[in-house]
Amino acid sequence: MPKMPLLKSNLLRTNLQQITPVKISAALGLPVSRLFEIAEAAEKHYRPTRVTKTESGKLRELDVPKPFLKCLLRKLHRFIQKSLLFSSAAHGGVRGYPKSRFTRQVDI
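Residues numbered from 1 in each chain as written. Predicted model: local features only at pLDDT ≥ 70, side-chain atom pairs only at ≥ 80, totals over all residues. Heavy atoms only, no water.

1. Some points on the side chain of serine 25
Here serine 25 is to be found in helix α2 (residues 21–28). Since its relative accessible area comes to 6%, serine 25 is described here as buried. A distance of 2.8 Å separates the side chain of serine 25 from the backbone oxygen of valine 22, its partner in a polar contact. Excluding residues that lie within four positions of it along the chain, serine 25 makes contacts with Leu30, Pro31, Val32 and Leu35. (Helix = DSSP H or I, 4+ residues; strand = E, 2+ residues; numbered from the N terminus. Buried < 20%, exposed > 50% of the residue type's maximum accessible area, 1.4 Å probe, protein only. Polar contact = N/O pair within 3.5 Å; in protein donor to acceptor, adjacent residues only side chain to side chain. Contact = heavy atoms within 4.5 Å.)

2. Quick look at the environment of valine 22
Inspection of the secondary structure puts valine 22 in helix α2. According to the relative accessible area criterion, valine 22 is exposed, its value standing at 57%. Taking C-alpha positions, valine 22 is 9.8 Å from serine 33, a pair spaced 11 residues apart along the chain.

3. What about the nonpolar core?
Core analysis: the biggest nonpolar cluster contains six residues, these being Leu28, Leu30, Leu35, Ile38, Leu69 and Leu72. Going through the elements one at a time, α3 (32–40) and α4 (67–83) are the ones with two or more residues in this core. Setting aside residues up to four positions removed in sequence, leucine 28 forms contacts with Leu35, Leu72, Lys75 and Leu76. (Core = buried A, V, L, I, M, F, W, Y, C linked by side-chain atoms within 4.5 Å.)

4. Focus on the pattern of salt bridges
This model, assessed by the stated rule, comprises two salt bridges. Across the pair glutamate 37 and arginine 34 runs a salt bridge whose closest N-O atoms are separated by 3.5 Å. Taken together, the residues span about one helical turn, with glutamate 37 and arginine 34 both in helix α3 at a distance of three residues. Residues glutamate 61 and arginine 50 are paired through a salt bridge, measuring 3.3 Å at the closest nitrogen-oxygen approach. Of the two residues, glutamate 61 is situated in strand β2 (residues 59–65) and arginine 50 in strand β1 (residues 46–52); the sequence distance between them amounts to 11 residues. Neither residue differs from the other here; glutamate 61 and arginine 50 are each classed as exposed. (Salt bridge = Lys/Arg side-chain N within 4 Å of Asp/Glu carboxyl O.)

By themselves, these are just geometric observations and shouldn't be taken as functional.
Below, the structure written as structure tokens:
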């Protein structure tokens, strides 16, 4: 099996330092002040929901983001994916990447 190249920690750290609140706000299309308002009152952007598990029938409590926050979180995820360097070994959940025969998806 070929060895995967490892990222040097200083390379990742330098890249991470380049992500600033100003850049995040530009990527999300919001003023920095609005980002901080959302972060300070995060609990009001979620709604508690109960879902019944199919196998056990037990109730599972979830805090589901409201549509506005869900949209922002998707944009933030895309921004981070484009902005940060990741090791080639970090591929969990990547669309189109084959799943390992040793992993199993389990709902907790």
